[in-house]
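# Residue-level structural notes
The lines below spell out each chain.
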Amino acid sequence: MLIDCYLHTPFLLIPSFYALTGSIKGQTPKEWGRQLRDEWMTASFGSVLYWTPVQIVCFRFVPQHTRIAFVTGMSFFHKAWLSWLSNRKRVLGDDDDDEV
């Protein structure tokens with residue numbers, strides 16, 4: 001749990017999420033890299049705050065045969081939040097880039 005929440009998530013999952021979704025949106029590596037640098041702390045801290053109690057509940061209360069379904073469901077909400085976080089400025093029109 002500790003390695004997953006405090007190492008894997010901030011240093012592998014979050015950068016991979018921004019790289020993949022940025023590429024799908026047509027951003028260059030420089031663009032999604034800048035967005036990752038700008039939002040990394042918020043995304044990582046929020047993810048740790050989300051996954052720590054989820055993992056505690058999972059390993060303490062969820063029966064072993066339903067843990068995969070539980071984590072999958074919780075992962076859906078986490079990715080929805082990450083998607084909102086990474087797109088909120090673009091949707092609100094607060095992008096720093098002025099397109100011509």
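Refer to the structure presented above.
This text gives an overview of the structure that appears in the document. In this text, all values refer to a predicted model and were calculated from it rather than measured experimentally. Each chain carries its own residue numbering, running from 1 in the direction its sequence is written. The predicted nature of this model means local features are confined to residues of pLDDT at least 70 and side-chain atom pairs, given and counted, to a pLDDT of 80 or more, with totals for whole chains, interfaces and linings taken over all residues. Processing note: side-chain calculations cover all non-hydrogen atoms of the structure and skip hydrogens and water entirely.

## Focus: the packing of helix α1 (residues 2-24) against helix α2 (residues 29-61)
Applicable threshold: Lines fitted to C-alpha atoms define the axes here, with helix axes fitted over just the stretch in contact, and angles between the N-to-C directions of these axes take values from 0 to 180 degrees. Helix and strand assignments come from DSSP, with helices taken as H or I runs of at least 4 residues and strands as E runs of at least 2, each series counted from the N terminus. Note that the term roughly parallel is reserved for angles under 35 degrees, roughly antiparallel for angles over 145, roughly perpendicular for angles of 65 to 115, and oblique for everything else. A crossing counts as left-handed when the near helix is turned anticlockwise from the far one by less than a right angle, and as right-handed when that turn is clockwise. Any pair of residues with heavy atoms lying within 4.5 Å of one another is described as a contacting pair. Three classes are used, and their members are as follows: Ala, Val, Leu, Ile, Met, Phe, Trp, Tyr, Cys and Pro are nonpolar, Asp, Glu, Lys and Arg are charged, and the others, Gly among them, are polar.
As a packed pair, α1 and α2 sit with axes 8 Å apart at the nearest point and diverge in direction by 135°. With respect to α2, the axis of α1 lies oblique. For the pair α1 and α2, the sense of crossing is right-handed. Taking contact as the criterion, the partners of D4, C5, Y6, T9, P10, F11, I14, P15, Y18, A19, G22 and S23 in α1 are, on α2, W32, Q35, L36, E39, W40, A43, S44, S47, V48, W51, T52 and Q55. In terms of residue class, the contact of α1 with α2 is built from 14 nonpolar, 8 polar and 2 charged.

## A look at the nonpolar core
Put simply, the rule reads: Definition used in this section: a nonpolar core is a set of buried Ala, Val, Leu, Ile, Met, Phe, Trp, Tyr and Cys residues joined via side-chain atoms within 4.5 Å. Burial status follows relative accessibility: with a 1.4 Å probe on protein chains alone, a residue under 20% of its type maximum counts as buried, one over 50% as exposed, and anything between as partly exposed.
Counting residues in hydrophobic clusters, the biggest one holds 7 residues: I14, F17, Y18, L36, A43, L82 and L85. Sort the elements by how many residues they give to this core and α1 lands first, with 3 residues. The residues contacting Y18, other than those within four sequence positions of it, are W32, Q35, L36, E39, A43, L85 and S86.

## Structural notes on a nonpolar patch on the surface
In plain terms, the rule: Surface patches are defined over residues having more than 30% relative accessible area and no salt bridge, joining like charges when they lie within 9 Å and nonpolar side chains (Val, Leu, Ile, Met, Phe, Trp, Tyr) when within 5 Å. For the area figures, the Shrake-Rupley method with a 1.4 Å probe applies, and any residue is considered shielded solely by the protein chains shown. Salt bridges are defined by distance alone: a side-chain nitrogen of Lys or Arg within 4 Å of a carboxyl oxygen of Asp or Glu.
A cluster of nonpolar residues, M1, L2, I3, Y6, L7, F11, I56 and F59, forms a patch on the protein surface that exposes about 840 Å² of accessible area. Secondary-structure assignment places L2 in helix α1. For L2, a relative accessible area of 57% corresponds to the exposed category.

## Concerning the side chain of Q55
Structurally, Q55 is set in helix α2. Leaving out residues up to four positions away in the same chain, Q55 has contacts with M1, D4 and C5.

## Let's talk about the environment of R88
Tracing the backbone shows R88 in helix α3 (residues 67-92). The spatial distance from the C-alpha of R88 to the C-alpha of H8 is 24 Å, given a sequence separation of 80 residues.

## Some words on α3
Residues separated by three or four positions in an α-helix point in the same direction, a consequence of the helix having 3.6 residues per turn. Short version of the rule: Every helix has an expected span of 1.5 Å times one less than the residues it contains. What is called the bend at a residue is the angle between a pair of axes, fitted to the seven residues leading up to and ending at it and to the seven starting from it.
Its 26 residues place the ends of α3 37 Å apart at the C-alpha level, agreeing with the 38 Å of an ideal helix rising 1.5 Å per residue. Its axis deflected by about 40° at S86, α3 carries its strongest bend there. Of the residues making up α3, those classed as buried are H78, L82, L85, S86 and N87. Looking at the buried positions of α3, the neighbouring elements they touch are α1 and α2. Phi turns positive one or two residues past the end of α3, at G93, with a value near 80°.

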